[in-house]
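Structural overview
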Amino acid sequence: MVEDRVSRIAGGAVAKLDNGFIRILVYAPNILRITFSPDGSFWDQSPIVIAKPVKGGYTIEEHRDTLSISAGEVEARLDIGTGILRIRTSETVISDIARDWKKIELRGYESYSFNHKLEISKDEELYGSGQHAGYSAHGGFGLVGRTVYLAQRNTDIAIPMVISSKGYGILWDMHSFGILSIRGGELRAWFEAGKNLDYYLISGPDLDKVVSGYRFLTCAAPLLPKWAFGYWQSKERYASQDEIISVAREFVRRGIPIDVIVLDWRYWGKYGWNAFKFDEKDFPDPEAMVRELHSMGIKVAISIWPIFGKDTEIYREMEEKGCVFQGTGLLNAFKRECGELFWRKIEEVFASKGFDAWWLDASEPEIEPRLIYTTWQHDLFPEDLNLYPLFETEAVYRGQRSSSSKRVVILTRSAFAGQQRNSAINWSGDVTGDWTTLRTQIWAGLNLAASGIPYWTTDIGGFFSGNPETEGYRELFVRWFQFGVFCPIFRVHGTYYPKEPWRFGEKVEEILKKYIKLRYRLIPYIYSLAWKVYSEGYTIMRPLVMDFREDPIARSIDDQYMFGPSIMVSPITSPSTTEREVYLPRGLWYNFWTGEMLAGGKWIMCEAPLDRIPLHVRAGSIIPMNPPEISRASEKPEWIELRIYGGLNGRFDLYNDDGETYSYEDGDYSVIPIEWRERDQTLVIGKHFGKQRIQSLMIRIVWVERGRGSDIDAAEPDQEIVYRGDEIRIKRNRGENQ
């Protein structure tokens, strides 16, 4: 009987099966945790999940050989005899039909390998599994029909999280080498090592709710400083203090907006690999260098590796304290005391000189500075193979939070589930500069976003760069740059050739400046979305399935995406291309460049000369924009332009804070709710909330239509108002404030 094999526990129940034990716990009305143990012991010290099971609000029923647990929005029904677990959401049923295991020995201790089999609908698509940006990305965007390896390496980020077009997601709390294979209505997941087979089923059906559920489990993503959303200029490498300062001065001289410049590796020179020192020959006074860059309004990020050359003083200190893996120069980030020491050294050498952001390179990790992927990680920590970047970024995040009110900014090449809580930005690694790779970057960024990681960027133009004096590479770079404007983080990097805007000739420089200007005009929109990332678990860079899940065409499109709720981006990913087909999902849309209103639910042909990326804005959108003169993301604008795209009701919350500290966590911010009511043709700018006071804000209102409120430049406003924090209603065409 079922009662002989089921034990009720806090948050759920445990059942004894023929081949092991299964535990079902409720974490939220839409989240279940399912853990399978071969021997009946359950390991609950998760490094990625911080949430705890609920204490009530669920129901358990036992009937003959069936155990049912309902959380409210998702239900699990276990057949005790067969071991089959059927999980029912509002739209589908996922059947957990096999959890095969094998006892193994790794590095002298016992573990289990697991082969997990789930039956899913044959007509659904899956997305996520991390980022696969190099040659491994060439299989495509959606995961159905593919096999994906979950192992950290340069250009591959392993995150065992998928979301479904059927409105649910699965997060496996498994850290070893893994393989996902999805074919013919069957999802197989193999994990090399673990104490249990552990996963969470998150029901939506709205996919924002699924990703928000992932963030609930693993923690919210802190708000990055406002300057992080501006333009980043980087290269491999600025070889001297004089060079990096001269490049920054040239940006200022040419009037090109910029927020961050990056100092890449080998500044340590004669002192040895990652010595945490500056070679005085090339960097005689790094503190003065940072001061001068700051005087130009430019922040400075610096490359820091987890590998220490064995001829360096820091290696000897780390080894003496037991903080490197034996036989390597790799920081043992799994030891908390070693992570704390790592941060203290960063603080002592870099933070004290004023550096603003930490580029934690090679965080897969590379074991030695050979710049190639190896399997040595497997020999050091196989059961926790994919966890290293989570622990390294956590050490730096915790360290800075303990000693500074400045917001943490980490750029790093690898990630694992939960890493968003460490203020980590990922980039797609050392990708090649070619058209095929540009196309795969779209897939890479969208799948990482679907895996719950909100902040991502790419080496615009490819890490392995072409010559900016050649026409072919100029064209590729422009198209990649246009795509980069609509990534969460906007950053140029690469080797072989410098890639500052003026290196490409006057004509291309003007195009690049135009798109940098567009990025800075959109900062109020982007920063408000970043607030939603923190406060709601939102996703900025969005596969079309997140907004148009019911549209089978939209679900399959791999080269268009939404940037926030309003802007659909359709990059150009082939040479000599001056037009492309774009699919407009159902509804009303505006051509961003012309203001023309278009009916959706069909394919259209869009003009795309070299200086134009196809952009379409959903009817009902409200887009706040900076004045065109803004050249730093944190610069306070004299006015805000509000573009109203009529045709449907719309709402947007305009967010602001000090842009630099964590005071927003205590409510020191302002949110202005803005609503467009189509039927009444009325714009309602609501009473603001938050502790930050609004003295006065000039708002220029533009109702977009053909030839008006389109393109990048500021439009002549239809109306101007001064907002002081209280509600204002503006009737279109009447000019009356109420």
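For the structure, check the block above.
How each quantity is defined
In this convention, every chain numbers its residues from 1, walking through the sequence in written order. Predicted model: local features are reported for residues with pLDDT of at least 70 only, side-chain atom pairs are reported and counted for 80 or more only, and whole-chain, interface and lining totals are derived from all residues. Think of the side-chain values as coming from all heavy atoms in the structure, minus any hydrogens and water. Note on method: axes are straight lines fitted to C-alpha atoms, helices fitted across the in-contact stretch only, with angles between N-to-C directions ranging 0 to 180 degrees. Helix numbering and strand numbering both begin at the N terminus, where a helix is a DSSP run of H or I of at least 4 residues and a strand a DSSP run of E of at least 2. Any angle that is under 35 degrees is reported as roughly parallel, and any over 145 degrees as roughly antiparallel; angles of 65 to 115 degrees are reported as roughly perpendicular and all others as oblique. Any pair of residues with heavy atoms lying within 4.5 Å of one another is described as a contacting pair. Gly is placed with the polar residues, together with every amino acid not listed as nonpolar (Ala, Val, Leu, Ile, Met, Phe, Trp, Tyr, Cys and Pro) or charged (Asp, Glu, Lys and Arg). We call two strands paired when DSSP finds no fewer than two bridges between them. Side-chain rings of Phe, Tyr and Trp, where Trp is taken by its six-membered ring, are said to pair if the distance between their centres is within 6.5 Å; with planes under 30 degrees apart they count as stacked, over 60 as edge-to-face, and otherwise as tilted. Per-residue accessibility, obtained with a 1.4 Å probe over protein chains only, is compared with the maximum for each type, and a residue is labelled buried under 20%, exposed over 50%, and partly exposed between these values. Only when the NZ atom of a Lys or the CZ atom of an Arg is both within 6 Å of the ring centre and within 35 degrees of the ring normal do we say a charge sits over the ring. Definition used for salt bridges: Asp or Glu carboxyl oxygen within 4 Å of a side-chain nitrogen of Lys or Arg.

**A few points about the packing of helix α10 (residues 506–521) against helix α11 (residues 523–536)**
Look at α10 against α11: their axes get within 5 Å of each other, and the N-to-C directions meet at 50°. Relative to α11, the element α10 is oriented oblique. Contact residues: α10 offers R519, Y520 and R521, while α11 offers I523, P524 and I526. Looking at the contact of α10 with α11 residue by residue, the class counts come to 4 nonpolar, no polar and 2 charged.

**Some thoughts on the sheet that holds strand β33 (residues 615–618)**
Pairing between sheet strands relies on hydrogen bonds along the backbone, with the strands arranged either parallel or antiparallel. Spatially, 6 strands are ordered β26-β27-β28-β33-β30-β31 in an open sheet, and the strand pairing comes out antiparallel. A single partner strand is all that each edge strand has here, and the edge strands are β26 (541–543) and β31 (597–599). When the angles between neighbouring strand axes are averaged without regard to direction, this sheet yields 35°. Across 3 bridges, β26 lies against strand β27 (residues 561–563) in antiparallel orientation. Bridge assignment links P543 to a residue of β27, and that residue is Y561.

**What to know about the sheet that holds strand β37 (residues 670–677)**
Strand order in the open sheet made by the 4 strands is β36-β37-β38-β41, with antiparallel pairing throughout. Looking at which strands have only one partner, the edges of the open sheet turn out to be β36 (650–656) and β41 (728–731). The average undirected angle you get between the axes of adjacent strands in this sheet is 15°. In this fold α11 packs onto β36 and β37, with an angle of close to 90° to the strand it touches most, β36.

**Here we look at the packing of aromatic side chains**
With the rule as written, the count across this model stands at 60 aromatic pairs. An angle of 20° between the planes, with centres 4.2 Å apart, marks the rings of F477 and F504 as stacked. Remark: F504 occurs in the loop between β25 (490–492) and α10 and F477 occurs in helix α9 (residues 471–485); sequence separation between them is 27 residues. Accessibility assignment for this pair places F477 and F504 in one class, buried. Relative to F490, the ring of F481 has its centre 5.1 Å away and its plane inclined at 70°; by these criteria the two rings are edge-to-face. Assessed through its relative accessible area of 1%, F481 is described here as buried. You can call F490 buried: its relative accessible area is 0%. Three or more aromatic residues joined by ring pairs make a cluster, and in this case those are W265, Y267, W268, W273, F276, F278, F283, W305, F308, F342, F350 and F355. Of note, R491 hangs over the ring of W359, and the distance from its end group to the ring centre comes to 5.9 Å. Over the face of the ring belonging to W639 we find R700, whose NZ or CZ atom lies 4.0 Å from the ring centre.

**Digging into the pattern of salt bridges**
Counted according to the given criterion, the structure contains 60 salt bridges. A salt bridge links D208 to R542; the nearest nitrogen and oxygen atoms lie 2.6 Å apart. In this pair, D208 is assigned in helix α1 (residues 207–218) and R542 in strand β26, connecting sequence segments 334 residues apart. There is no split in this pair, since D208 and R542 are both buried. Put simply, D547 and R542 hold a salt bridge, and the shortest N to O gap is 2.8 Å. For D547, a relative accessible area of 22% translates into the label partly exposed. Residues participating in the shared-partner salt-bridge network are D361, E364, E366, R413 and D430.

Geometry only, nothing functional implied.
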